[in-house]
Amino acid sequence: MRTVTLGSAGPVVPLQGLGCMRLTGAHPSADAAVKVIHRALDLGVTLLDTADLYGGGSNERLLAQALRGRREEALLCTKFGVVRTPDGLGVRGDAGYVHAAVDASLARLGVDVIDVYYLHDRDRTVPIEETVGAMAELVTAGKVRHLGLSNVAEDDIRAAHRVHPIAAVQAEWSLVGRSVEEVVPTCRALGIGVVAYCPQGAGGLNLDRPPPPRPPHIAGASATLAEVVRAVAEDRRVSPGQVALAWVQQRAEVWELPVVPIPGTSRTAHLEQNVAAVDLRLDPAELTALDGASQPG
């Protein structure tokens with residue numbers, strides 16, 4: 001697996017990571033999920049992405065199980081800030097919670113340090129300078145190596161970066177989810193990499209198998225886009241999902257900044273198919289057709 005530096009001050013990471021959210025509850029046993037993670041490490045997919053929200057912490061505990069004896073092979077990323085409330089989900093970004101959240105994640109993950117620690121979502125009741133300032137204290141304390149932000153606006157990115165260097169911004173980026181392109185110029189200017197979740201449209205662009213339940217913006221993807229993705233896939237003799245991944249991967253060249261997709265899967269066969277897409281290069285005509293059928297924003 002080829003690698004790239006995630007931002008000017010970030011870690012060296014593989015060109016593709018693994019989103020681990022789907023591994024919680026996707027198998028009758030944790031052992032099957034652990035095998036997916038081990039296969040990812042064997043293939044060089046060493047960037048593993050989780051969050052304290054996923055499975056109520058069970059996703060982090062799953063990674064702890066999978067990384068016993070293999071911790072040094074992995075670049076471990078987790079997120080904090082989205083909390084469960086009696087009414088559903090809320091957000092917290094106060095300094096005290098930042099410190100409590102990282103200690104809880106470290107315990108569940110069974111590690112001494114987290115490689116990239118993300119603010120999962122912005123708490124609008126707390127200045128982002130306070131949140132990132134507390135995160136910076138975690139770096140000083142040796143609990144975290146690099147900082148990241150998820151689902152944030154341009155002003156948030158600039159304000160956070162003034163407090164402490166941000167290695168990565170994580171956001172949805174796919175042919176059916178391109179709103180991140182509004183902040184990409186800021187990331188490029190500040191030397192921040194982009195980690196793309198849902199690069200296959202939450203599975204909606206895996207047109208060769210039944211789609212999972214999808215958000216409205218994915219369910220509303222145009223029929224034209226599906227036709228173009230399928231046509232490129234058939235011409236290249238690859239899967240539509242691989243075409244979707246290749247398009248995201250080549251955003252790095254279009255925007256001149258590191259872009260690392262983290263497709264999620266619960267099956268080894270799909271993992272291997274995703275990894276194969278790292279070597280798929282779409283030509284200019286294919287990129288133009290896909291861009292034309294896609295809908296930025």
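The numbers attached to residues start from 1 for each chain and follow its sequence in the written order. Owing to the predicted nature of the model, reporting of local features is limited to residues with pLDDT of at least 70; listing and counting of side-chain atom pairs is limited to 80 or more, with chain, interface and lining totals taken over all residues. Here the side-chain values reflect all heavy atoms present in the structure, with hydrogen atoms and water set aside.

The name given to the protein in an unreviewed UniProt entry is Aldo/keto reductase, and the organism recorded there is Natronosporangium hydrolyticum.

The nonpolar side chains of soluble globular proteins are, as a tendency, buried together. The biggest cluster of nonpolar side chains holds 73 residues, and the ones touching the most others in it are Leu48 and Trp173. Only buried residues count toward a nonpolar core. Its members are Ala, Val, Leu, Ile, Met, Phe, Trp, Tyr and Cys residues joined through side-chain atoms within 4.5 Å. For the exposure calls, accessible area comes from a 1.4 Å probe over protein chains only, and a residue counts as buried if that area is under 20% of its type's maximum, exposed if over 50%, partly exposed in between. Core analysis: the next-biggest nonpolar cluster, separate from the first, contains 11 residues, Ala168, Val195, Val260 and Ile262 among them.

DSSP-based pairing: two strands are paired if at least 2 bridges between them are found. Secondary structure follows DSSP: runs of H or I at least 4 residues long count as helices, runs of E at least 2 residues long count as strands, and numbering of each begins at the N terminus. Within the open sheet, the eight strands sit side by side as S3-S4-S5-S8-S9-S10-S11-S12. Their pairing is parallel. This sheet does not close on itself; its edge strands, each paired only once, are strand S3 (18–19) and strand S12 (259–261). Inspection of the sheet shows strand S8 (residues 114–119) paired to strand S9 (residues 144–150) by five bridges, in the parallel sense. Its bridge partner being in S9, Val116 is matched across the sheet by His146.

Here we take up the packing of aromatic side chains. Where two aromatic rings form a pair, the distance of their centres and the angle of their planes describe that pair. Pairing of aromatic rings covers Phe, Tyr and Trp, the last through its six-membered ring, and needs centres within 6.5 Å; plane angles under 30 degrees mean stacked, over 60 mean edge-to-face, and all others mean tilted. Tallying each qualifying case throughout the model produces one aromatic pair. Their ring planes at 20° and their centres at 4.9 Å tell us that Phe80 and Tyr117 sit as a pair that is stacked. One end of the pair, Phe80, is in strand S5 (residues 75–80); the other, Tyr117, is in strand S8, with 37 residues separating them in the sequence. Grouping residues by exposure puts Phe80 and Tyr117 together as buried.

Looking at the secondary structure, you find Asp235 in helix H8 (residues 223–236). Taking relative accessible area as the criterion, Asp235 reaches 58% and is therefore assigned exposed. Through-space distance from the C-alpha of Asp235 to that of Pro185 is 33 Å; in sequence the pair is 50 residues apart.

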